Amino acid sequence: MTIGSSNLRHAALIVAAGRGSRMDVSGDVPAKQYQLLGQRTVLEHSLETCLSHPLVATVQVVIHPEDHDVYAETLRAVPDPNGKLRKPIDGGATRQISTLNGLQALAAMDVPDTVLIHDAARPFLAHAMIDALLSNVKPDSGALPALLVVDTLKRGTVENRVESTVSRDGLWRAQTPQAFPFEAIVAAHMHAAESGRVDFTDDASIAEAAGLPVALVPGDEALRKITTKDDLFWARAHLNQKGDMAMSTLETRVGQGFDVHAFTEGSAVTLCGVTIPFDKSLAGHSDADVGLHALTDAILGGLGDGDIGTHFPPSDPQWKGADSVVFLEDAAQRVVARGGQIRHVDVTLICEEPKIGPHRAAMTERLVSLLGLAPDRISVKATTTERLGFPGRGEGIAALAMATLALPAS
Ligand code: MG
């Protein structure tokens, strides 16, 4: 059995319960993990890395008990197509207590084989770092990223005078995530808690205190912890640099979709995933959600990857009466699989009746949760055709959609 192979369950635990007392925070943001770094918060950056890593099966975030609102508010931009993210749980008075709470939450459900414990204040976590840690963690030892100390070290007096020079030989700066065999780190944490200590600042020192060996893996300067305003300025500059590089390798694609379904006898229609009581239904092989069909085709169009019928043939009886959400999620997953992102979607429903206006907010909300996009990246509109043509005669509903994608340039 090799840790790092895909038949083991790897969990990520992101500790975001701190209050950032060393940084002057402004506005409504309570702590550094909720500061904006580009279009997302500091926390969302490493969260997205964990959620999108193919070997990470589940992700638990520990937050401050007072941060549930800000957490929910800021988390909408992170895609989680595979549903890996669990509900956040409350942290405690110290990092050590918060981490133990998180470990216990993971143990209470589907116990993982390995856990990566990460500080939310280190946003620039790369997939390659997770790969390196998972290939170095063993059933009887952990692994942590660390950098050799290169500056000469001085011990100072209270008057800020040099007292002595400390040898930097063999000294490393510990970073996170730190990877451990799950049962062993839980036992080490329990051991630490029982000893009465609650002030350990990282999990490798808890492992060390319990006699669990930990391997040093080459760290990454970009994993710098955001503690001060200067760190935050550095992080924003670093992100801009990365963004400039990324922009040169990403291209923008726009796909369009169009669909029509005829009315038939019935008592409700489903549009953009929302069921609306009505005196007719829409005819179709699936649930006939004309809005989601147009949108799915728009995404597939942007990918240049066929259309709904290619992937879900109407001749296949298993899609009879299917919830069209399945089609949309499949298309969204294809974007993720290509290393891309959906940036914006725009759907127009064309009908005289039912009236769409009262249901627009619910449709937008539904697409927010299905696509994991911020509400301002989603548009649902409606129009009539002034009683002209088939929608005007009330024979059915048409839908147009556009999807803007960012894809790695081919
Ligand atoms: Mg259709």
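Computed from a predicted structure; not experimentally measured.

Once that is clear, we can look at the overall build of the protein. What the protein contains, in helices and strands, is 12 helices and 19 strands. Evaluated residue by residue, the protein yields a buried proportion of 46% over its 410 residues. Counted over contacts in the protein with a minimum sequence separation of 6, partners at least 24 positions apart contribute 73%. In the form shown here, the protein has an accessible surface area of approximately 19,700 Å², with 52% of it arising from carbon and sulfur atoms.

Right, let's get into the packing of aromatic side chains. All chains considered together, the criterion is met by five aromatic pairs. A ring pair is formed by Phe-312 and Phe-327, whose centres lie 4.6 Å apart and whose planes are at 45°; its orientation type is tilted. In this pair, Phe-312 sits in the loop between helix H9 (308-311) and helix H10 (325-337) while Phe-327 sits in helix H10, placing the two residues 15 residues apart along the sequence. Here Phe-312 falls in the buried class, since its relative accessible area comes to 10%. Classification of Phe-327 by relative accessible area gives buried; the value is 3%.

A word on the environment of Arg-236. Looking at the element boundaries, Arg-236 is found in helix H7 (residues 229-249). Spatially, the C-alpha atom of Arg-236 lies 5.8 Å from that of Leu-37, the residues being 199 residues apart in sequence. The residues touching Arg-236, leaving out its near neighbours within four places in the chain, are Gln-35, Leu-36 and Leu-37.

A separate point is the coordination of the magnesium ion. The magnesium ion binds to the protein through Asp-259 (OD), His-261 (NE2) and His-293 (ND1), with metal-donor distances spanning 2.2 to 2.3 Å. Mapped onto the polypeptide sequence, the residues donating to the magnesium ion form the spacing pattern D-x1-H-x31-H. Here His-261, found in strand S13 (residues 250-265), pairs with His-293, found in helix H8 (residues 290-303); they are 32 residues apart in sequence, far enough to count as distant. Relative accessible area serves as the criterion here: at 12%, His-261 is assigned to the buried category. On the basis of relative accessible area, His-293 is assigned to the buried category, the value being 7%.

Let's shift gears to the pairing of strand S14 (residues 268-271). Summarising the sheet, S14 and strand S15 (residues 274-277) pair through four bridges and their orientation is antiparallel. Its bridge partner being in S15, Leu-271 is matched across the sheet by Val-274.

For the rest of this paragraph, the subject is the side chain of Thr-348. For Thr-348, the location among the structural elements is in strand S17 (residues 341-350). Of the polar contacts made by the side chain of Thr-348, one reaches the side chain of Lys-381; its length is 3.1 Å. Among all residues touching Thr-348, those that are not within four sequence positions of it are Lys-381, Thr-383, Ala-398, Ala-399 and Leu-400.

A sheet is described by the order of its strands in space; here five strands give the open sequence S16-S13-S19-S17-S18, paired in mixed fashion. With one partner strand each, in any of the chains shown, strand S16 (280-282) and strand S18 (378-383) form the two edges of the open sheet. Each strand axis lies, on average, 20° off the axis of its neighbour in the sheet, ignoring direction. Strand direction decides the pairing type here: S17 and strand S19 (residues 396-408), joined by nine bridges, are antiparallel. Opposite Leu-349, over in S19, you have Ala-399 as the bridge partner.

Residue position: Val-61 is located in strand S4 (residues 56-63). Sequence separation between Val-61 and Leu-47 is 14 residues, and the spatial gap between their C-alpha atoms is 8.5 Å.

Counting buried positions along helix H1 (residues 42-52) yields 10 of 11 residues, so the element is predominantly enclosed. Along H1, the residues that are buried comprise Val-42, Leu-43, Glu-44, His-45, Ser-46, Leu-47, Glu-48, Thr-49, Cys-50 and Leu-51.

Contact geometry for H10 and helix H11 (residues 360-371): axes closest at 10 Å, N-to-C directions at 45°. Considering their axes alone, H10 and H11 lie oblique with respect to each other. Viewed along their axes, H10 and H11 form a crossing whose handedness is right-handed. Within the contact between the two elements, H10 uses Val-325, Leu-328, Glu-329 and Ala-332 and H11 uses Arg-366, Leu-367, Leu-370 and Leu-371. Across the contact of H10 with H11, the residue classes break down as six nonpolar, no polar and two charged.

With that out of the way, let us pick up the pattern of salt bridges. Taken as a whole and assessed by the stated rule, the structure comprises 14 salt bridges. Among the ionic pairs, Glu-221 bridges to Arg-173, the shortest N-O distance being 3.1 Å. Note that Glu-221 is positioned in the loop between strand S12 (214-218) and H7 and Arg-173 in strand S10 (residues 172-174), a separation of 48 residues in sequence. Arg-334 is the partner of Asp-305 in a salt bridge, and the nearest nitrogen-oxygen pair spans 3.1 Å. Note that Asp-305 is positioned in the loop between H8 and H9 and Arg-334 in helix H10, a separation of 29 residues in sequence. The exposure class of Arg-334 is partly exposed, given its relative accessible area of 26%. Within this structure, Arg-95, Asp-119, Arg-122, Asp-203 and Lys-225 form a network of salt bridges that share partners.

What counts and how
- Residues numbered from 1 in each chain as written.
- Predicted model: local features only at pLDDT ≥ 70, side-chain atom pairs only at ≥ 80, totals over all residues.
- Heavy atoms only, no water.
- Helix = DSSP H or I, 4+ residues; strand = E, 2+ residues; numbered from the N terminus.
- Buried < 20%, exposed > 50% of the residue type's maximum accessible area, 1.4 Å probe, protein only.
- Contact = heavy atoms within 4.5 Å.
- Areas by Shrake-Rupley, 256 points an atom, 1.4 Å probe, with all protein chains shown as cover.
- Phe/Tyr/Trp six-rings, centres within 6.5 Å; stacked < 30°, edge-to-face > 60°.
- Donors = N, O, S within 2.8 Å, 3.2 Å for Na, K, Ca; no water.
- Pairing = 2+ DSSP bridges.
- Polar contact = N/O pair within 3.5 Å; in protein donor to acceptor, adjacent residues only side chain to side chain.
- Axes fitted to C-alpha atoms, helices over the stretch in contact; angles between N-to-C directions.
- Parallel < 35°, antiparallel > 145°, perpendicular 65-115°, else oblique.
- Left-handed = near helix turned anticlockwise from the far one by under 90°.
- Nonpolar A, V, L, I, M, F, W, Y, C, P; charged D, E, K, R; others polar.
- Salt bridge = Lys/Arg side-chain N within 4 Å of Asp/Glu carboxyl O.

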